[in-house]
Amino acid sequence: MRTELAELFRTALTVSYPSAGAEPVVAACNNAKNGDYQCNNAMALFGKLKGTEGAPKAPRDVANAILGALPKNDLVAETSLAGPGFINIRLNREYLSKRISGMLTGGLASWAPTGHKGKKVVIDFSSPNVAKEMHVGHLRSTIIGDTLCRIFEYCESDVLRLNHVGDWGTQFGMLIEHMADTRKARVAAGGEDKDADEDVADLQELYRAAKKRFDEEEEFKTRAREAVTRLQSGDPVSLASWQRICAASRREFEALYTRLGVTLQERGESFYNPMLKDVVDELKAAGVATIDDGATCVFVEGQNVPLIVQKSDGGFGYASTDMAALKHRLNEEKADWIIYVTDVGQSQHFELVFGAAKKAGWLVEGGPKVSHVGFGLVLGEDGKRFRTRSGDLVRLVELLDEAKSRCAKTIRERREENGEEVVEAEVEEAACAMGYGAVKYADLKNHRTTNYKFSFDDMLNLKGNTAVYLLYAHARIAGIVRKAEKDVYALAASSPISLDHPKELELALHICKLPEALEDAIEELAPNRVTDYLYDLSEKFNSFYVDCKVIGSEQEASRLLLSEATAVVMRKCFELLGIKPLYRI
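Residues numbered from 1 in each chain as written. Predicted model: local features only at pLDDT ≥ 70, side-chain atom pairs only at ≥ 80, totals over all residues. Heavy atoms only, no water.

1. Here's the deal with the pattern of salt bridges
For the coordinates displayed, the defined rule picks out 42 salt bridges. Across the salt bridge formed by Glu219 and Arg223, the nearest N and O atoms sit 2.6 Å from each other. Within this pair, Glu219 and its partner Arg223 are both found in helix H8 (residues 218-232), separated by four residues, close to a single helical turn. Overall, Glu219 belongs to the partly exposed group, its relative accessible area being 48%. On the basis of relative accessible area, Arg223 is assigned to the buried category, the value being 18%. (Salt bridge = Lys/Arg side-chain N within 4 Å of Asp/Glu carboxyl O. Helix = DSSP H or I, 4+ residues; strand = E, 2+ residues; numbered from the N terminus. Buried < 20%, exposed > 50% of the residue type's maximum accessible area, 1.4 Å probe, protein only.)

2. Here we look at the packing of helix H4 (residues 93-106) against helix H22 (residues 556-577)
Axis separation between H4 and H22 bottoms out at 10 Å; the angle between their running directions is 65°. When the axes of H4 and H22 are compared, the crossing they make is left-handed. Every residue of H22 that contacts H4 at Ile100, Met103 and Leu104 is listed here: Leu561, Leu562, Glu564, Ala565, Val568 and Val569. Along the lines of polarity and charge, the residues of the contact of H4 with H22 split into eight nonpolar, no polar and one charged. (Axes fitted to C-alpha atoms, helices over the stretch in contact; angles between N-to-C directions. Left-handed = near helix turned anticlockwise from the far one by under 90°. Contact = heavy atoms within 4.5 Å. Nonpolar A, V, L, I, M, F, W, Y, C, P; charged D, E, K, R; others polar.)

3. Considerations on the side chain of Asn41
The residue Asn41 is located in the loop between strand E2 (37-39) and helix H2 (42-49) in this model. For Asn41, the residues in contact, after removing those within four places along its chain, are Leu13, Ala22, Glu23, Pro24, Val25 and Ile66.

4. Notes on the packing of aromatic side chains
Counted by the stated rule, this structure contains eleven aromatic pairs. Ring pairing ties together the aromatic residues Tyr340, Phe350 and Phe354, which thus form one cluster. Between the NZ or CZ atom of Arg267 and the centre of the ring of Phe271, over which it lies, the distance is 5.0 Å. (Phe/Tyr/Trp six-rings, centres within 6.5 Å; stacked < 30°, edge-to-face > 60°. Lys NZ or Arg CZ within 6 Å of the ring centre and 35° of its normal.)

5. Some words on the UniProt feature "domain: DALR anticodon binding" (unreviewed entry) in the protein chain
Sequence positions flagged by UniProt for "domain: DALR anticodon binding" (unreviewed entry) are, in local numbering, residues 470-585. Within the segment residues 470-585, helix and strand shares are 73% and 0% respectively, and the terminal C-alpha atoms sit 12 Å apart. (UniProt positions renumbered as here; feature names shortened; annotations may be inferred.)

6. Regarding the side chain of Lys572
Considering the arrangement of structural elements, one finds Lys572 in helix H22. A relative accessible area of 12% means that Lys572 is categorised as buried. Those residues in contact with Lys572 that sit more than four places away from it in its chain are Leu108, Tyr154 and Leu514.

7. A short note on the sheet that holds E2
In spatial order, the strands read E1-E2-E4-E3; together these four strands make up an open sheet with antiparallel pairing. The open sheet has two free edges, formed respectively by strand E1 (26-28) and strand E3 (76-82), since each of these has just one partner strand. Within this sheet the neighbouring strands show an average axis-to-axis angle of 30°, counted without direction. (Pairing = 2+ DSSP bridges.)

8. A word on the sheet that holds strand E11 (residues 337-343)
Strand pairing in a sheet takes place through backbone hydrogen bonds and is either antiparallel or parallel in direction. Across the sheet, five strands lie side by side as E7-E6-E5-E11-E12; this open sheet has parallel pairing. Only two strands of the sheet have a single neighbouring strand rather than two, namely strand E7 (265-266) and strand E12 (369-375). Sheet topology note: the strand E5 (residues 120-124)/E11 ladder contains four bridges and is parallel. Looking at the pairing, Val122 lines up with Ile338 of E11. Running at roughly 150° to E11, helix H12 (residues 318-331) makes contact with E5, strand E6 (158-163), E11 and E12 of the sheet.

9. Some remarks on the UniProt feature "domain: Arginyl tRNA synthetase N-terminal" (unreviewed entry) in the protein chain
Mapped onto this numbering, the UniProt entry gives "domain: Arginyl tRNA synthetase N-terminal" (unreviewed entry) at residues 3-91. Annotation note: span residues 3-91, helix share 36%, strand share 21%, distance between end C-alpha atoms 13 Å.

10. Some words on unusual backbone geometry
Even without a glycine there, the phi angle at Asp293 is positive, about 55°. Relative to the elements of secondary structure, Asp293 occurs in the loop between strand E8 (290-292) and strand E9 (295-298). The class of Asp293 is exposed, set by a relative accessible area of 76%. Although it is not a glycine, Leu525 sits at a positive phi angle of roughly 50°. Mapped onto the elements of the fold, Leu525 is located in the loop between helix H20 (514-524) and helix H21 (528-547).

The following block contains the structure:
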């Protein structure tokens, strides 16, 4: 609706002040008593026109001229002026009613924000390191990235979900060499001289043991560095060991992604390795990269450090890989928008990468967009970085297990208190949906750039802005519709929605604002716009349900339709957030 209003006022501004080139400024009213929306162009336009021939005498004159040029339409019921020239807008109830009925009969596809259909959007997120377990720090990138993917997919963009895993680098030398030593020791003890599953069964132990030796044993450190050279030069034995490590990590990652309902296409650092030399040579040939103190660097205007694309020893780092990845995504994937989801600590790195790409002419005005979606830290309840008592980062698998376990306990207790049968399969399904949903929602409801405190007690609370509260709210609405024993979709095709009560109107207006919440989420690349909208929707439904009897009222059909519309939109929000809705708990 905001977009439609903006188009109406764009026409009015063009007609009333054709030479001003003003863009419409339309926003929701802060105070519902004044109206539903507000057009705020008059004062800025008055200032711009001041001193010109035939200039208006006051901002209210500008506002009146805009209103006089507003095209006839079915959307606006009435307008009024406030203060020096604010135009308050009240929407047509019949328009809202028909919009919701149309959504119930035709589906939500038409409510997706426009302008994104068919656009190629590459989203780089999650990106764990091979041979290391995913920890709570990977949670933010994974679920923020997944939600952004889901929003663009709803808008019918061509979304490529990329997992830029850390599967190449110097750490593999020590892992391969430690595996070789383990095999030798096994053979010396009378075991078989062949690859064994236990070599990669516990990747955490493999990494810790190899790292300890690398730090403490000079002879091992030398062999590990030689192993890196062999790997990078394509030695078959080294490559086979590397592939086994990657495969074992991949299985662990996929198990977690399955639990979270996240899909990704793996394209790790190793994919871009063959491209690095050519990319650096191209940057040098173009004069974009220069030699500084032996290293090949790109100096970006406004940055106090350069982007080092090749080290003084000839080696390539992750800056080289990111430049190669960016070029590949622009030239081979033909991306219209490339989005990187990493912690805010990498902000300067991506400013350098984007700046270097602009300097090289890869990114030009009006061409593909690049964005870094930075996020803050996950903190413990003590306000410090979330870690175990031993100081390690919290393993993501343990965090999900705990959330699920707590939810299962709560669901069993509630069913027993209510005298309901406890069916373990149902408890398992509900606990997974609620537990994993609670973990996701607790993260996504915060603006991504802020640090947030991880608290099971807070995120599993039955009251307040939590996934648990919202899942119960949805189940309650689904129960109301079930209890009515009516075909709400047949009703939607034959019965109009009445919006005579103020709470009916308030709920209907908010239901219709879903596209605006998604437009804001895309504009800001901020999933919390969706969670804010969802929580407000639940609160407005509760307020409606307190004041407006549904089943057995004269307006039962209309109010059932409003209830179902609320549930449908809640389900869409859950889907975008990667949360499974529950119909009974």
